[in-house]
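# Overview (structure and organization)
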Amino acid sequence: MKDLYIYYQVKEEHAQALEARVRSLQAKLAADSGVSPQLKRRPESRDGLQTWMEIYPVVGEGFAGQLATAADEAGLLSLTAGGRHVETFMDLPPCA
């Protein structure tokens, strides 16, 4: 199992509209897959831009594709300042 971290920037004037879309997308993904998504942002803005992070912990194979399709369908890129950057992390195995 892996965790997905998606970060991007959004213009302050688009923040409210984008938040509604992301929360709707995350609610649907949670209902469909059982994942427990999180939405975060940096506390400060810089040059009128906020940096946001979506976190999807403990996801299975195929979830990244499902997320990408859902993000496209929700039109998230129309409200971001640039692309969505996806990072994948996994737990380290415990020491023996």
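Look above for the structure.
One structure accompanies this document, and this report is about it. (Residues numbered from 1 in each chain as written. Predicted model: local features only at pLDDT ≥ 70, side-chain atom pairs only at ≥ 80, totals over all residues. Heavy atoms only, no water.)

## Remarks on the pattern of salt bridges
Evaluated as defined, the whole model comprises three salt bridges. Residue Arg23 pairs with Glu19 through a salt bridge whose shortest N-O separation is 2.9 Å. Of this pair, Arg23 and Glu19 both sit in helix α1 (residues 15–33), separated by four residues, roughly a single helical turn. Relative accessible area serves as the criterion here: at 43%, Arg23 is assigned to the partly exposed category. The closest approach of N and O atoms between Glu54 and Arg84, which form a salt bridge, is 2.5 Å. (Salt bridge = Lys/Arg side-chain N within 4 Å of Asp/Glu carboxyl O. Helix = DSSP H or I, 4+ residues; strand = E, 2+ residues; numbered from the N terminus. Buried < 20%, exposed > 50% of the residue type's maximum accessible area, 1.4 Å probe, protein only.)

## Comments concerning the side chain of Thr51
By the secondary structure assignment, Thr51 is in strand β3 (residues 49–59). Its relative accessible area of 16% is what places Thr51 among the buried residues. Setting aside residues no more than four positions away along its own chain, Thr51 makes contact with Tyr8, Gln9, Lys40, Arg41 and Arg42. (Contact = heavy atoms within 4.5 Å.)

## A closer look at the side chain of Gln26
In this fold, Gln26 is placed in helix α1. For Gln26, the side chain forms a polar contact with the side chain of Tyr56, separated by 3.3 Å. Those residues within four positions of Gln26 in sequence are excluded, and the remaining contacts are Pro37, Gln38, Leu39, Glu54 and Tyr56. (Polar contact = N/O pair within 3.5 Å; in protein donor to acceptor, adjacent residues only side chain to side chain.)

## Quick look at the nonpolar core
If you look at the biggest cluster of nonpolar residues, it comprises 20 residues, and the most contacted ones within it are Leu18, Leu25, Leu29, Tyr56, Phe63 and Leu67. Broken down by secondary-structure element, the contributors of at least two residues to this core are β1 (2–11), α1, β3 and α2 (63–74). A per-element tally of this core places α1 first, with five residues. Ignoring any residue separated from it by four or fewer positions in sequence, one finds Leu67 in contact with Leu4, Ile6, Leu25, Leu29, Glu54, Tyr56 and Arg84. (Core = buried A, V, L, I, M, F, W, Y, C linked by side-chain atoms within 4.5 Å.)

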